[in-house]
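# Results of the structural survey
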Amino acid sequence: MTTESTIWDLEERFWTEGADGARHMTAENGVIVFPYPAGILHGADVWREKNVAQRWRSVEMSERYISIQDKIAILAYSVAADRGDEPTYEALCTSTYLKDDDTWLRLTHQQTLVD
């Protein structure tokens, strides 16, 4: 598996595995920015937010962009995510990963709703 495909796989798993899976792939002091009212979350607050705790049934990422420089990877993409019981969630997203030893950890994630 290439580095790019490994990182995209991690990103998809953040959407589909829920908070427990995401917690193991996130740096201890990671920062997540959700649309209002959740806002800026970091530390333990990230895992208390319902948008992180619930997993999505299906996720489609398009307009994918990735830039990898040494031990840092930046992703940007458009997402359409579905839980089945709610309207499809559409957003523009960015994430930043850091390679710590041989493990890619998410440092930041940001979502901007698409109207």
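Residues numbered from 1 in each chain as written. Predicted model: local features only at pLDDT ≥ 70, side-chain atom pairs only at ≥ 80, totals over all residues. Heavy atoms only, no water.

## Brief notes about unusual backbone geometry
The linkage connecting Y36 with the following residue, P37, adopts the cis geometry, with an omega of 15°. One can find P37 in the loop between β1 (26-33) and β2 (40-42). Positive phi outside glycine occurs at E63, with the angle close to 50°. According to the relative accessible area criterion, E63 is exposed, its value standing at 64%. One non-glycine residue, D101, lies in positive phi territory at about 60°. By secondary structure assignment, the location of D101 is in the loop between β5 (89-100) and β6 (103-113). For D101, a relative accessible area of 65% puts it in the exposed group. (Helix = DSSP H or I, 4+ residues; strand = E, 2+ residues; numbered from the N terminus. Buried < 20%, exposed > 50% of the residue type's maximum accessible area, 1.4 Å probe, protein only.)

## Considering the pairing of β1
Taken together, the 4 bridges between β1 and β6 define a ladder with parallel strand orientation. The residue of β6 that forms the bridge with I32 is H109. Here β1 pairs with β2 via 3 bridges, running antiparallel. Note on β2: the bridge partner recorded for V33 is I40. Between β1 and the antiparallel strand that follows it, β2, lie 6 residues; G39 among them carries a positive phi value of about 70°. (Pairing = 2+ DSSP bridges.)

## Some points on the packing of aromatic side chains
Aromatic ring pairs are described here by two measures, namely the spacing of the ring centres and the angle between the planes. Tallied over the entire structure, the rule returns 5 aromatic pairs. Judged by centre distance (6.3 Å) and plane angle (45°), the ring pair of W15 and Y89 falls under tilted. Of the two residues, W15 is situated in helix α1 (residues 3-16) and Y89 in strand β5; the sequence distance between them amounts to 74 residues. With a relative accessible area of 17%, Y89 lands in the buried category. Just above the ring of W8 sits the side chain of R64; from NZ or CZ to the centre is 4.6 Å. The cationic tip of R106 hangs over the ring face of F14; the distance from NZ or CZ to the ring centre is 3.7 Å. (Phe/Tyr/Trp six-rings, centres within 6.5 Å; stacked < 30°, edge-to-face > 60°. Lys NZ or Arg CZ within 6 Å of the ring centre and 35° of its normal.)

## Observations concerning the sheet that holds strand β4 (residues 72-82)
Spatially, 6 strands are ordered β2-β1-β6-β5-β4-β3 in an open sheet, and the strand pairing comes out mixed. The outermost strands of the open sheet, each flanked by one partner alone, are β2 and β3 (58-69). For this sheet, the mean inter-axis angle between neighbouring strands, taken without regard to orientation, is 15°. Bridging between β3 and β4 involves 10 bridges; their strand directions are antiparallel. Along β4, the bridge assignment pairs I68 with A73. Set on the sheet, α1 makes contact with β1, β3, β4, β5 and β6; between it and β3 the angle comes to about 140°. (Axes fitted to C-alpha atoms, helices over the stretch in contact; angles between N-to-C directions. Contact = heavy atoms within 4.5 Å.)

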